[in-house]
Amino acid sequence: MMRERLREALLLLIYLCGLPGAWLAQRRARRSLSSAQAPRLLLLRPDHLGDLVLTTPALTALKERCPTAQVTLFVGPWSQAIVMGHPAAERVLTCAFPGFRRAAQGTLGPYWLLLRLAWQLRRERYDLAINLRPDFWWGAALLYLAGIPQRVGYALAPGRRFLTHALPFPEGEHSTCSSLRLVSTALELLGQAPLAEPFTPERYPLLFRPTAQEEQRAAALLAEAGLTDEVPFAVIHPGSGAAVKLWRPEGWATCAVTLLRRYGLRLVLTGTQQEQALLEEIAALVRQQLRTGEAPPVLFSTLSVGELAAFLRRAQLVLGVDSGPLHVAVSQGTPTVALYGPADPSIFGPWGNPRRHMVILASQRCPTCPKLPCGRLDIPPQALSEHPCVRLIPEERLLAAIEQLLPARML
């Protein structure tokens, strides 16, 4: 209770301190946005990899409709690879945003960071900003203190007071649609027509392109593992930033052997260096089931995001849990099957053709959760046993989804 009161007091202080600057910023705006030849725009998205992939259709739409805009993207260092080469990004700034970095922070640390960054952004004299994370009040306050005249976001407390254009938040809408809606409002402020609806993956596709060097590096690594263009393979990416999303290693092993024997696909296991132990556990379980002459899995845990994307594009199929790399796979056009539990796939699911990108949602609610999906991701390690929803998904459901996406090998 005391912590909440302190936060409310600090938020009120921020609002009052920024009020003169916000008023002066609008007074200084001598020209309207609709007449600006090259408006300076700041787009803020603090989230991790998958959320930024889901934002790329909005960035593309903004660039196509307002090609002269000078767009700066302000993102976390953990996801900057997704937008470094995006055609809409003239400039990319990074910050380890509070609430998103996986490290402890003091009570007042986020507020000191807020003041320091606002002072830096104020000198850039942006014309318009979009707070792309719906509930990120800290980001809305940053845009306000930076003196940006037009500030677009969603009308969620406590950030609503810091915005000039606060849209009603559409509960249950897909994350990509929510971003497109904000960009559509910004385009109207720039004197453009709003984006055409309905918002669909066909009209507004994901966009992430590896660099030429990343493509070459990926091809070389695959060739070293004997995976040339003539050798079809599937990728399993079993890891996730939230342990509650993970499936059973023995389940992945069963699927891997099936992919090899029924569909003739070699197996590639991908993950981060922190997930190396998980990859090795799955690989060991697969080897126990292999017959003489059958190829063992290949493991990769040091790929850049772009190299991983190049791997995923070359694959026949990608399997995994709800994670950023699965969204990257969708952006590369490769069929996917993803296991979901705590997160709602209607909001955070794959942005693509549902006949090519299948979601398997856990069907058993965890004993301590009020509903499924529950949205609870920060489960401490000691409580994971009480949240088995994803782990309870049977192999048969995943194998049935694979059967729909892949034709069986003719023997």
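See above for the structure.
Now for a look at the structure at hand. (Residues numbered from 1 in each chain as written. Predicted model: local features only at pLDDT ≥ 70, side-chain atom pairs only at ≥ 80, totals over all residues. Heavy atoms only, no water.)

1. Structural notes on the nonpolar core
How we decide: Here, nonpolar core means buried Ala, Val, Leu, Ile, Met, Phe, Trp, Tyr and Cys residues that are tied together by side-chain atoms lying within 4.5 Å of each other. In this scheme, a residue with accessible area under 20% of its type's maximum is buried, one over 50% is exposed, and one in between is partly exposed, where area comes from a 1.4 Å probe on protein chains only. The contact rule is simple, with two residues in contact once any of their heavy atoms fall within 4.5 Å.
Of all hydrophobic cores here, the largest spans 62 residues; its most connected members are Leu43 and Ile130. With sequence-adjacent residues up to four places away left out, Ile130 is seen in contact with Leu42, Leu43, Leu44, Leu143, Val152, Leu182, Val183 and Ala186. Among the nonpolar cores identified, the runner-up in size contains 39 residues, and Ala234, Ile360, Ile393 and Leu406 belong to it.

2. Here we look at the state of the cysteines
Test applied: Here, two cysteine sulfur atoms that lie within 2.5 Å of each other are counted as a disulfide.
Considering all chains together, one arrives at 0 disulfides under this definition. Left unpaired, Cys374 is separated from the closest cysteine sulfur, that of Cys369, by 3.8 Å.

3. A few points about the sheet that holds strand S3 (residues 91-94)
Stated formally: When DSSP finds at least two bridges between two strands, those strands are taken to pair. Runs of H or I in DSSP of at least four residues are treated as helices and runs of E of at least two as strands, each being numbered from the N terminus. For helices, the fitted axis covers only the stretch in contact; all axes are lines through C-alpha atoms, and the angles between them, taken along N-to-C directions, range from 0 to 180 degrees.
Pairing is parallel in the open sheet, where 6 strands are placed in the order S3-S2-S1-S4-S5-S6. Both edges of this open sheet fall to S3 and strand S6 (165-167), since each of them pairs with a single strand only. Across the sheet, the mean angle from the axis of one strand to that of its neighbour is 15°, orientation sign disregarded. In the sheet, strand S1 (residues 40-45) pairs with strand S4 (residues 128-131) via 4 bridges, with the strands oriented parallel. Of the residues in S4, the one forming a bridge with Leu44 is Asn131. In this fold helix H2 (residues 49-65) packs onto S1 and strand S2 (70-75), with an angle of close to 160° to the strand it touches most, S1. Packing of helix H6 (residues 175-189) onto the sheet brings it into contact with S1, S4, strand S5 (150-154) and S6, and relative to S5 it is tilted by some 155°.

4. Observations concerning a nonpolar patch on the surface
Rule in force here: Residues enter a patch when their relative accessible area is above 30% and they make no salt bridge; the linking distance is 9 Å between like charges and 5 Å between nonpolar side chains (Val, Leu, Ile, Met, Phe, Trp, Tyr). Here the open area of atoms and residues is found with the Shrake-Rupley method and a 1.4 Å probe, where only the protein chains shown may cover a residue. Any Lys or Arg side-chain nitrogen found within 4 Å of a carboxyl oxygen on Asp or Glu counts as a salt bridge.
On the surface, a cluster of nonpolar side chains totalling about 420 Å² of accessible area is made up of Leu6, Leu108, Trp112 and Leu115. Mapped onto the secondary structure, Leu115 falls in helix H4 (residues 109-122). For Leu115, a relative accessible area of 45% corresponds to the partly exposed category.

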